Protein chains: 2
Amino acid sequence: MTSDADIALDKAVEVLRLDRQLCFALYSAANRVTRLYRPLLDALGLTYPQYLAMLVLWEHSPRTVGEMGQALDLESSTLTPLLKRLEGAGLIARSRDPDDERRVIISLTDAGDAMRDQALGVAEQFFCRLDTPMPELVDLRERLKRLAV
Amino acid sequence: MTSDADIALDKAVEVLRLDRQLCFALYSAANRVTRLYRPLLDALGLTYPQYLAMLVLWEHSPRTVGEMGQALDLESSTLTPLLKRLEGAGLIARSRDPDDERRVIISLTDAGDAMRDQALGVAEQFFCRLDTPMPELVDLRERLKRLAV
DNA sequence: TGAATACATATCGCGCACGATTAAATCGTT
DNA sequence: AACGATTTAATCGTGCGCGATATGTATTCA
């Protein structure tokens, strides 16, 4: 015989199973991808979030900290220290906007700009190591973007 | 007229666009999901990775640190401090395995076990806030799992 | 003009996530 | 039994990621 409490427990056991959680699949896949990028980016001396920040700048430079935060969906409390490290590495320059002293303008240095070619190699190596057909990757990417939160 | 260098540059610009990177879509979606969980988990006094660790234990307790690391795909350097915090919160107990003193056995306390019901509410609220049909979520989850890295 | 408000970035504290290293226990082989 | 290799967890240092808060600049409007 089965009590109501047992049924509720069974439901909890089913619903909360790790392999049924979208959140864990996402968390785990993001960690795995970061780990996969690490050895590729070591050659450039970049961390994974730093690489993403450089992608933003390669797309369009200069940009303000705020614009980069919007593009990457990150707070200034994350971005400011990261950008200071990129500045320390000589890849970007930080300067106040003369037209609005609140803003800080981030621009690529020559060294930062020159790194773009190597980045192309990183992107290609990543694709190779994933060993998944491009259409599948594009589909996954678009589904992730649709996950409006 | 267009030089070879210009063509190579165009290719780099296209390939490296942030909105074409699977890695960024994944990174960003994972951050968004963590942010969405935060207010829900605040009520339980758990962080998001702590919640995942509790999911593992609600599924089956006791387990060793190594087993949990395998389930969550995390190193002991991540897990040990996290588990110590859960122990401090009174949700789990940590003890050496008498049969093999290298192992540390993690078991739910009564308080940790009792939290499972509230966790069920968290999972339901998360689903509601996502506002995405279940089949789409299941499909995305399975695609993420397939992303073997 | 001057006070109130809003805005852009920076700072701080906490908790991951991981590579490298260490310490202790166990296992395997002789 | 003994010693080297392996296994398990812990420790340490670095870099995020974010909420809360601070700081300085610009805007608004009385």
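Residues numbered from 1 in each chain as written. Chains lettered and ligands numbered in written order. Predicted model: local features only at pLDDT ≥ 70, side-chain atom pairs only at ≥ 80, totals over all residues. Heavy atoms only, no water.

A. Looking closely at helix α5 (residues 76-88) of chain A. Residue and element names in this part refer to chain A. Between its terminal C-alpha atoms α5 stretches 18 Å, which fits the 18 Å expected from 13 residues at 1.5 Å a residue. Buried residues of α5: L79, L82, L83 and L86, and no others. Seen from one end, α5 has its buried residues packed into an arc of 100 degrees, which puts them on one side. Of the exposed residues in α5, the ones pointing more than 90 degrees away from its buried face are S77, R85 and G88. Buried residues belonging to α5 abut α3 (48-59), α4 (65-72), β2 (92-97) and β3 (100-108). Remark: G90 follows α5 within two positions and exhibits a positive phi of approximately 80 degrees. (Helix = DSSP H or I, 4+ residues; strand = E, 2+ residues; numbered from the N terminus. Expected span 1.5 Å × (residues − 1). Buried < 20%, exposed > 50% of the residue type's maximum accessible area, 1.4 Å probe, protein only. Arc of directions from axis to C-beta. Contact = heavy atoms within 4.5 Å.)

B. Structural detail: the pattern of salt bridges. On inspection of all chains with the given rule, the structure shows 30 salt bridges over all chains. Among the salt bridges present, the one from D100(A) reaches R102(A), with a minimum N-O distance of 2.9 Å. Judged by its relative accessible area of 70%, R102(A) falls in the exposed class. Three or more residues are tied together by salt bridges with common partners; here these are E136(A), D139(A), R143(A), R146(A), E136(B), D139(B), R143(B) and R146(B). (Salt bridge = Lys/Arg side-chain N within 4 Å of Asp/Glu carboxyl O.)

C. How the structure looks around the protein's contact with DNA strand C. Around DNA strand C, 27 residues are found, and the nearest of them are Y27(A), R35(A), T80(A), K84(A) and R85(B). Among the atoms of DNA strand C close to the protein, meaning within 4 Å, 75% are from sugar or phosphate groups. A distance of 2.5 Å separates a phosphate oxygen of DNA strand C from a polar atom in the side chain of T80(A). Contact distances for DNA strand C include 2.7 Å between a phosphate oxygen and a side-chain N or O atom of R85(B). (Near = heavy atom within 4 Å. Polar contact = N/O pair within 3.5 Å; in protein donor to acceptor, adjacent residues only side chain to side chain.)

D. Just the side chain of T64(A), in detail. By the element assignment, T64(A) lies in strand β1 (residues 63-64). Discounting residues that sit within four places of it in the chain, T64(A) has contacts with R103(A), V104(A) and I105(A).

E. A look at the interface of chain B and chain A. Residue-level contacts link 56 residues of chain B with 57 residues of chain A. Across the chain B/chain A interface, buried area totals approximately 5,600 Å², and carbon plus sulfur atoms make up 67% of it. Applying the counting rule to chain B against chain A returns eight salt bridges. The partner of E136(A) in a salt bridge is R143(B), with the nearest N and O atoms 3.2 Å apart. Our count for the contact surface shared by chain B and chain A stands at 20 residue pairs in polar contact (both at pLDDT 80 or more). Counting residues per element, the ones that place at least two in the side of chain B that touches chain A are α1 (4-15), α2 (22-42), α3 (48-59), α4 (65-72), α7 (116-130) and α8 (134-146) of chain B. (Buried area = accessible area lost by both parts, 1.4 Å probe.)

F. Main features of α3(A). Residue and element names in this part refer to chain A. Here α3 spans 17 Å end to end across twelve residues, near enough to the 16 Å set by a 1.5 Å rise per residue. For α3, a buried count of ten out of twelve residues is recorded, marking the element as mostly surrounded by other parts of the structure. Listed as buried for α3 are Y48, Q50, Y51, L52, A53, M54, L55, V56, L57 and W58.

G. Local environment of the sheet that holds strand β1 (residues 63-64) of chain B. All names here are of chain B. The three strands lie next to each other as β1-β3-β2, forming an open sheet whose pairing is antiparallel. Edge strands, defined here as strands with exactly one partner in the open sheet, are β1 and β2 (92-97). Across two bridges, the pairing between β1 and strand β3 (residues 100-108) is antiparallel. Following the sheet pairing, T64 is matched in β3 by I105. (Pairing = 2+ DSSP bridges.)

H. Representation of the relation of the copies chain B and chain A in the model. With an RMSD of 0.0 Å, chain B superimposes on chain A once it is rotated by 180 degrees and translated 0.0 Å along the axis. Accordingly, the operation relating the two chain copies is best matched by a two-fold axis. Taken together, the interface assignments show that 100% of the residues at the interface of chain B recur at the interface of chain A, consistent with an identical surface on both copies. (Least-squares fit on C-alpha atoms with pLDDT ≥ 70 in both.)

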